[in-house]
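Fold and geometry: a report
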Amino acid sequence: MGNRFDLADYPAYARWREARIAAHPTSVADLVVEVDDIAALNQAEHAALLDRIRRANMAAYAERRPQPGRDDKAALTALGARFGLVSLDRNALADDDGVTPLSVHRDGTRARYIPYTERPIAWHTDGYYNHPPRRVRGLTLHCARPAAEGGVNRLMDAEMLYILLRDEDPGHIAALMRDDAMTIPGNDEEGLQRADTVGPVFWIDGGGALAMRYTARARNVMWSPDPAVQAAAAAIRRLLDGPSPFLFAARLEAGMGLLSNNVLHTREPFRDDPAAPRLLYRARYHDRIAGS
Ligand SMILES: [Fe+2]
């Protein structure tokens, strides 16, 4: 059967590539599944979400009948648990339950970090600065209240980016899998002190899945000076700029959310209404989604 991620095994790659492209959703609408209540999914809803995740490493949901007055954070962790997401990655700004409420903070500690502002967030995977034991493989978001305007997320499955890069030049993949490809300088991220993190952009996880860590924020990353790594990093920036049929843009409205294997994403700028502030809940996991 071969190994699709082995650069020396083109036939295995070509078979996987063809199947992957054929299965990939062609519009953002194809990613969205209507569900009654994420805290109590039925079998059909679970199967429909898992189908999207298998094809694109992500699915979005839109709730029709959430239980009135329910705790959104508890509902989000219940949803994660249905998909095998149990090992929460806690950061200093998460609440005790490990779920981080994201809203605009105009002063205080959180105001220093972009997620808590109205500013755009460039392409990244969550937790790209984490050391290997705390690598973030699963990511869920739930929108309790959207911004007054804007706040769209652009989304891309890392496997599709891998395909675009490998088709352009397999040398990009070899460069991005180098152990010294990308260094994230030590810093404090959302309140947690951390040493430099050196590692690959792409690697194959224990279960055989492709994994990725990435940030487009130039001040947060030091790329290897190797010309092949530099060329590969430039190719990523260009490909994420699009256009591509594999790039999606979605705005999460109230009761909508994202369930993903930590896909690449942005957050576009938004305008907040302090009388009805934007509120999203975010949960990061060390697990991948079970069965995907
Ligand atoms: Fe993020």
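All of the points below concern the structure found in this document.

Basis of the calculations
Residues numbered from 1 in each chain as written. Predicted model: local features only at pLDDT ≥ 70, side-chain atom pairs only at ≥ 80, totals over all residues. Helix = DSSP H or I, 4+ residues; strand = E, 2+ residues; numbered from the N terminus. Rg over C-alpha atoms; globule rule 2.2 N^0.38 Å. Buried ≥ 20, exposed ≤ 12 C-beta atoms within 10 Å, placed from the backbone. Core = buried A, V, L, I, M, F, W, Y, C linked by C-beta atoms within 7 Å. Pairing = 2+ DSSP bridges. Axes fitted to C-alpha atoms, helices over the stretch in contact; angles between N-to-C directions.

The helix and strand tally for the protein chain stands at six helices and 19 strands. For the protein chain, whose C-alpha radius of gyration is 19 Å, the value lies close to the compact-globule estimate of 19 Å for 292 residues. Its C-alpha atoms give the protein chain principal-axis dimensions of about 55 × 45 × 35 Å. Per-residue burial for the protein chain yields a buried fraction of 35% across its 292 residues.

With that settled, consider helix α4 (residues 158-168). Of all the eleven residues making up α4, eight are buried; the element is thus mostly covered by neighbouring parts of the structure. Along α4, the positions that sit buried rather than exposed are A158, E159, M160, L161, Y162, I163, L165 and R166.

To continue, consider the nonpolar core. Residues M58, A59, Y61, L161 and L259 are the most contacted members of the largest nonpolar core, which totals 59 residues. Per-element tally for this core: the top contributor is α4, with six residues.

Backbone torsion omega between G242 and P243 reads 0 degrees, so that peptide bond is classified as cis. Within the fold, P243 resides in the loop between α6 (227-241) and β15 (248-250). Positive phi, close to 60 degrees, is recorded for N57, a residue that is not glycine. Examined against the element boundaries, N57 turns out to sit in the loop between α2 (43-56) and β2 (58-63). The phi dihedral of N262 is positive, around 50 degrees, even though this residue is not glycine. Among the secondary structure elements, N262 is positioned in the loop between β16 (256-260) and β17 (264-267). On the basis of neighbour counts, which here come to 26 C-beta atoms within 10 Å, the residue N262 falls in the buried class.

Let's shift gears to the pairing of strand β5 (residues 138-145). Among the eight residues that make up β5, six are buried, leaving the element largely enclosed by the rest of the structure. Examined bridge by bridge, β5 and strand β19 (residues 279-285) share seven bridges and lie antiparallel to one another. Among the inter-strand pairings, H142 is bridged to a residue of β19, identified as Y281. As paired strands, β5 and β16 are joined by four bridges and run antiparallel to one another. Of the residues in β16, the one forming a bridge with L141 is L258.

We now examine the sheet that holds β15. Sheet strands associate in pairs through backbone hydrogen bonding, adopting either a parallel or an antiparallel arrangement. Read across the sheet, four strands follow the order β4-β17-β7-β15 without closing on themselves; strand pairing throughout is antiparallel. Lying at the two open borders of the sheet, with one neighbouring strand each, are β4 (121-124) and β15. When strand polarity is set aside, the average angle formed by the axes of neighbouring strands in this sheet is 15 degrees. Where strand β7 (residues 153-156) and β17 come together, two bridges link them in antiparallel fashion. Residue pairing across strands places M156 opposite L264, the latter belonging to β17.

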